[in-house]
Amino acid sequence: MKDPYEECRLCGHHCGVNRRIGEKGICGLGTEILISSVGPHYGEEPELVGSHGSGTIFFAGCNLSCQFCQNWEISQAVEGTSVSVAQLADFMLQLERSGCHNVNLVTPTPHTPSIIDAIRLARNRGLSIPIVHNCGGYESMEPLQLCEGWIEIYMPDAKYSDADIAELFSGAPDYPEINQAALKEMHRQTGSLVVENGIAKRGLLIRHLVLPNNPENSFGVLSFIAREISVDSYVNIMDQYRPCYKADLLEGMDRRLTEQEYEEAVKMAHSYGLHRGF
Ligand code: SF4
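Cut-off values and rules
Residues numbered from 1 in each chain as written. Predicted model: local features only at pLDDT ≥ 70, side-chain atom pairs only at ≥ 80, totals over all residues. Heavy atoms only, no water. Helix = DSSP H or I, 4+ residues; strand = E, 2+ residues; numbered from the N terminus. Contact = heavy atoms within 4.5 Å. Buried < 20%, exposed > 50% of the residue type's maximum accessible area, 1.4 Å probe, protein only. Near = heavy atom within 4 Å. Nonpolar A, V, L, I, M, F, W, Y, C, P; charged D, E, K, R; others polar. Axes fitted to C-alpha atoms, helices over the stretch in contact; angles between N-to-C directions. Parallel < 35°, antiparallel > 145°, perpendicular 65-115°, else oblique. Left-handed = near helix turned anticlockwise from the far one by under 90°.

Student: Looking at this structure, I do not really get the side chain of Asn 63. What am I missing?
Tutor: Within the secondary structure, Asn 63 is located in the loop between strand S2 (54-59) and helix H2 (72-75). Beyond its immediate sequence surroundings of up to four residues, Asn 63 is in contact with Cys 11, His 13, Cys 27, Thr 107, Thr 109, Pro 110 and Tyr 138.

Student: Would you mind showing me how to read the environment of Ser 161 here?
Tutor: Examined against the element boundaries, Ser 161 turns out to sit in the loop between strand S6 (153-156) and helix H6 (163-170). Taking the relative accessible area as the measure of exposure, Ser 161 reaches 26% and is therefore partly exposed. In this structure, the C-alpha to C-alpha distance between Ser 161 and Phe 224, residues 63 residues apart in sequence, is 8.5 Å. With sequence-adjacent residues up to four places away left out, Ser 161 is seen in contact with Pro 176, Glu 216, Asn 217, Gly 220 and Val 221.

Student: Sorry if this is basic, but what is going on with the site of the ligand here?
Tutor: The ligand sits among Cys 8, Leu 10, Cys 11, His 13, His 14, Cys 15, Val 17, Arg 19, Gly 25, Ile 26, Cys 27 and Pro 110. When its residues are assigned to classes, the shell around the ligand shows 8 nonpolar, 3 polar and 1 charged.

Student: Can you help me understand the environment of Met 238 in this one?
Tutor: Locating Met 238 in the fold gives a position in strand S9 (residues 234-238). Sequence spacing of Met 238 and Ser 218 is 20 residues, and the spatial spacing of their C-alpha atoms is 11 Å. Those residues in contact with Met 238, other than ones at most four positions away along the chain, are Arg 207, His 208, Leu 209, Val 210 and Tyr 262.

Student: What is the right way to read the packing of helix H7 (residues 175-190) against helix H8 (residues 215-229) from this model?
Tutor: Packing of H7 against H8 brings their axes to within 11 Å, and their N-to-C directions diverge by 40°. The orientation of H7 relative to H8 falls into the category oblique. H8 is crossed by H7, and the crossing has right-handed handedness. Between H7, through Gln 180, Leu 183, Lys 184 and His 187, and H8, the contact on the second element is made entirely by Phe 224, Ile 225, Glu 228 and Ile 229. Residues of the contact of H7 with H8, tallied by class, amount to 4 nonpolar, 2 polar and 2 charged.

Encoded structure:
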């Protein structure tokens with residue numbers, strides 16, 4: 001199989017650059033694995049956090065450039081500690097030894113081939129907790145095929161159903177179609193989220209951040225999930241939008257969400273038959 005880094009199509013941008021020789025695509029990342037932080041995280045969904053936390057590994061950089069990103073210091077700076085595949089596997093094993101319920105990989109997409117190598121190594125050395133693929137939902141089929149059989153829990157965003165908003169806010173006008181194909185593939189691989197004794201074991205957990213002044217965008221996302229994935233999908237409908245990074249430059253995005261806007265999204269989700277995660 002061709003080296004995915006040599007003609008990078010690891011996300012919906014399909015840059016086609018050779019990252020092995022230093023060419024840079026939209027994410028600006030090379031082939032080095034750059035890590036921002038590693039440790040138990042208690043701010044995720046309760047089914048991931050349990051009593052001992054979700055074992056989070058934050059990677060530097062991101063393949064999306066969301067203008068309102070709340071983690072922009074990490075995602076927009078291509079800076080972090082460079083680690084080898086073996087060190088990444090060590091981190092996974094350490095997180096399990098410290099009691100974490102899962103290994104939660106935050107924005108793994110541009111590093112997918114190296115991450116799969118690390119998971120393989122860690123599994124061979126006894127890693128038994130689920131791997132969570134925590135991403136922006138702009139994955140092409142290539143990385144998802146690499147992930148099949150190695151990822152237990154997919155946790156993608158479903159940000160946009162509207163191409164104009166996707167272009168304006170994240171520079172990815174084809175986000176809706178790429179995201180919808182990715183959600184279907186993730187669901188095909190792992191099914192809807194399975195929770196045992198309060199802890200997530202396997203399946204698809206979708207996140208949707210409700211944006212101010214854009215109700216139709218949320219309705220489109222939620223109706224797609226209900227119609228074409230499953231009404232049993234676990235959907236975390238999130239209300240924590242706050243203007244960050246360059247949000248002040250975007251019309252209508254310079255304020256928090258109102259309670260009414262959030263309630264409208266939840267009401268629509270119920271009306272489509274969704275019933276888990278919110
Ligand atoms: S990961 Fe995405 S943005 Fe980065 S080089 Fe590859 S295709 Fe381009």
